[in-house]
Amino acid sequence: MRARNNGKTDHGRKLKPESLMMSYGYNPEWSEGAIKSPIFQTSTFVFKSAEQGKAFFEVAYGLREQRPGEKTGLIYSRINNPDLEILEDRLTLWDEAEDCAVFESGMGAITTAFLEFLKPGDLVLTSAPLYGGTDHFLLTFLPKIGIEVMEFQPREEPEAIVKRLEASGKREKLAMIYIETPANPTNALIDIAACRGIADRFGGPGKRVLIAVDNTYMGPLWQHPLKHGADLVLYSATKYIGGHSDVIAGACLGSKELIHRVKVLRTFLGNMAGPMTGWLLMRSLETLKIRMERQALNAEVVAAWLTRHPKVEKVYYLGLLTAEDGQQYRIYKKQHNSPGAMMSFDIKRSEGAPGPADPAADEAAAFRFLNRLKLIKLAVSLGSTESLAEHPATMTHIGVGEQHRAEMSITAKLIRLSVGVEDAQDIIWDIGQALEGV
Ligand SMILES: *Cc1c(COP(=O)(O)O)cnc(C)c1O
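Note that the structure is predicted; figures quoted are calculated from it, not measured.

### Considering helix H12 (residues 359-372)
When the terminal C-alpha atoms of H12 are compared, their 20 Å separation across 14 residues agrees well with the 20 Å that a helix rising 1.5 Å per residue should span. Turning to H12, its buried residues are Asp362, Ala365, Ala366, Phe369 and Leu370. Down the axis of H12, the buried set is contained in an arc of 135 degrees. They therefore lie on one face. Seen from the open side of H12, the exposed residues pointing more than 90 degrees away from its buried face are Ala360 and Asn371.

Encoded structure:
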């Protein structure tokens, strides 16, 4: 039913993604002239003839080459559904990806990519820290099926990583590099192009070491990993893409060839998104750019204000990087077109010089701050219209070992903030009144 138009319209102009989010991939004639795609709440699709049913199955199962212009026909909603297909087409525009597969959660997208592209005996190299759910799957499930995991730190030099890989005696096994950049919650950056360099050193003719990037923190607007050499981009669409804290969803983007493989496994794992999720995300995408732009503007104002507050010791926000930060600043300039809207900061208990180290007192101070917030909600998740605050050490990162947490500056005094679309001065007012209680 779809007519892909590759961003072109009848007017012969290549339109920007934000101009296409209301209409791309959908034709009102398909649905009685409805300006918006209906929710195709249906499990199965009626074939025009037995011959057509046969042809659809042949293509879906890859039993023959597709004829020019032939698409996978609509068969059954575990395989495809119009709300998912239109959504997938729209999502490809932001990252200029060839194809996209959407899932009922970010974890669905991430685990399906691991299961499709890794096999027993493989090694996956990952950045640290990773999202808690991803970390758990990597460290507890993948070893059960004979897949090994090796970590590196955001500031580790590529040469040092290569040496460790060589010394491990597992160079032949490397199948994937999996990264999250900026790292959550301290915004440490990883150079995607440098990872491409590592991957190519361990790949060879007939073997491509894949690079997968979880772009939830910065995508799909502020960082485009495919342009820097990544093969797969993964999203928790629950965050900025959904953006309203009312839906859980995920996406995986990349070349036609790789996404075809992801979609085939998705069909058999059965973790595709449902039509209602597809419809909700299409609605979200119409305002994606203005939401994210407003969030980034607010974040800039809030971060600048935080740096001047006497009860704030340190602010971790990409917009505060300067040339003096060396490699981190260079990655930021090269890889991002905005500092985004995620930040974290350390609360200072005593004005002037920092007081003696006392994690229990730091935690108490952080909790007093969080409990006093009035406008900003105390919740995990991020990227939504409302501002959210949380305490990584006892919440999102409680599963990270204590020494690891210390290495990554995830201390008891650290607060993570996802800036929303409210009035910036109202956000500042709320943080200010809550800090008074510290
Ligand atoms: C939330 C999140 C996930 C998991 O996504 P779900 O939609 O909750 O399954 C993965 N990675 C990052 C960076 C996230 O923030």
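### As for the packing of aromatic side chains
One pass over the structure, following the stated rule, counts nine aromatic pairs. Centroid distance Phe47 to Phe57: 6.4 Å. Interplanar angle 80 degrees. Geometry classified as edge-to-face. Pair noted here: Phe47 is in the loop between helix H1 (17-20) and helix H2 (50-60) and Phe57 is in helix H2, with a separation of ten residues, a long-range link. Ring pairs connect the aromatic residues Phe47, Phe56, Phe57 and Tyr61, which therefore count as one cluster. Positioned over the ring face of Phe103 is Arg266, at 5.8 Å from the centre of the ring.

### Structural notes on the site of the ligand
Around the ligand lies a shell of 13 residues, among which Met107, Asp214, Ser236, Thr238 and Lys239 are the nearest. In this structure, a nitrogen atom belonging to the ligand sits 2.7 Å away from a side-chain N or O atom of Asp214. Taking Thr238, its side chain carries an N or O atom lying 2.6 Å from an oxygen atom of the ligand. The protein chains hide 92% of the 380 Å² of surface that the ligand would expose on its own. Take the shell around the ligand: its biggest share by element is three residues, from helix H4 (residues 106-117). Here the residues of the shell around the ligand are counted per class, giving six nonpolar, five polar and two charged.

### Let's talk about the confidence of the model for the protein
Mean pLDDT for the protein: 93, with 96% of residues reaching 70 or above. Note that residues 3-7 has pLDDT below 50 and, in this model, twelve contacts with residues that lie over four places away or in other chains.

### Focus: the pattern of salt bridges
Here the structure, examined in full by the defined rule, presents 21 salt bridges. Salt-bridge contacts for Asp191 lead to Lys334; the nearest nitrogen and oxygen are separated by 2.9 Å. Here Asp191, found in the loop between strand S4 (174-180) and helix H7 (192-202), pairs with Lys334, found in helix H11 (residues 327-335); they are 143 residues apart in sequence, far enough to count as distant. Given a relative accessible area of 43%, Lys334 falls into the partly exposed group. Salt-bridge contacts for Arg196 lead to Asp231; the nearest nitrogen and oxygen are separated by 2.9 Å. Residue Arg196 is located in helix H7, and its partner Asp231 is located in the loop between strand S5 (210-214) and strand S6 (232-236); the two are separated by 35 residues in the primary sequence.

### Overview of the domain arrangement of the protein
Once the domains are mapped, the protein shows domain 1 (77-285) and domain 2 (288-435). Between domain 1 and domain 2, the C-alpha centre-to-centre distance is 25 Å. Contacts between the two partners involve 37 residues from domain 1, matched on the other side by 40 residues from domain 2. Approximately 3,300 Å² of surface area, both sides summed, lies buried where domain 1 meets domain 2, with 57% of it carried by carbon and sulfur atoms. Looking at the side of domain 1 facing domain 2, the largest losses of area belong to Leu189, Trp222 and Tyr240, adding up to 24% of the total buried there. One can count one salt bridge joining domain 1 with domain 2. Here domain 1 is connected to domain 2 by 23 residue pairs in polar contact (both at pLDDT 80 or more).

### Remarks on the sheet that holds strand S8 (residues 312-316)
The strand order S8-S9-S12-S11-S10 describes an open sheet built from five strands, whose pairing is mixed. If you trace the sheet from one side to the other, it starts and ends with S8 and strand S10 (377-378), each paired once. Two strands pair when backbone bridges link them, and strand S11 (residues 388-390) and strand S12 (residues 414-418) are joined in this way by three bridges, in the antiparallel orientation. In the strand pairing of S12, Glu390 is matched with Arg416.

### Quick notes on the sheet that holds S5
With mixed pairing, seven strands are arranged side by side in an open sheet as S1-S7-S6-S5-S4-S2-S3. Either end of the sheet is taken by a strand with one partner, and the two such strands are strand S1 (99-103) and strand S3 (148-152). Taking each pair of neighbouring strands and ignoring which way they run, the sheet shows an average axis angle of 20 degrees. Across four bridges, the pairing between strand S2 (residues 123-127) and S4 is parallel. Paired with Thr126 across the two strands is Tyr178, which belongs to S4. On the sheet, helix H3 (residues 82-95) packs against S1, S6 and strand S7 (250-254) and is oriented at approximately 125 degrees with respect to S1.

### Some points on the side chain of Lys239
Its location among the elements puts Lys239 in the loop between S6 and S7. Despite its burial, Lys239 remains without a salt bridge, the nearest opposite charge being carried by Asp214 at 7.5 Å. The contacts of Lys239, once residues within four sequence positions are left out, are Tyr131, Thr216, Ser381, Leu382 and Gly383.

Cut-offs and rules
Residues numbered from 1 in each chain as written. Predicted model: local features only at pLDDT ≥ 70, side-chain atom pairs only at ≥ 80, totals over all residues. Heavy atoms only, no water. Helix = DSSP H or I, 4+ residues; strand = E, 2+ residues; numbered from the N terminus. Expected span 1.5 Å × (residues − 1). Buried < 20%, exposed > 50% of the residue type's maximum accessible area, 1.4 Å probe, protein only. Arc of directions from axis to C-beta. Phe/Tyr/Trp six-rings, centres within 6.5 Å; stacked < 30°, edge-to-face > 60°. Lys NZ or Arg CZ within 6 Å of the ring centre and 35° of its normal. Near = heavy atom within 4 Å. Polar contact = N/O pair within 3.5 Å; in protein donor to acceptor, adjacent residues only side chain to side chain. Areas by Shrake-Rupley, 256 points an atom, 1.4 Å probe, with all protein chains shown as cover. Nonpolar A, V, L, I, M, F, W, Y, C, P; charged D, E, K, R; others polar. pLDDT = per-residue confidence, 0-100. Contact = heavy atoms within 4.5 Å. Salt bridge = Lys/Arg side-chain N within 4 Å of Asp/Glu carboxyl O. Domains from an automatic or database assignment. Buried area = accessible area lost by both parts, 1.4 Å probe. Pairing = 2+ DSSP bridges. Axes fitted to C-alpha atoms, helices over the stretch in contact; angles between N-to-C directions. Lys, Arg positive; Asp, Glu negative; His and termini not counted.

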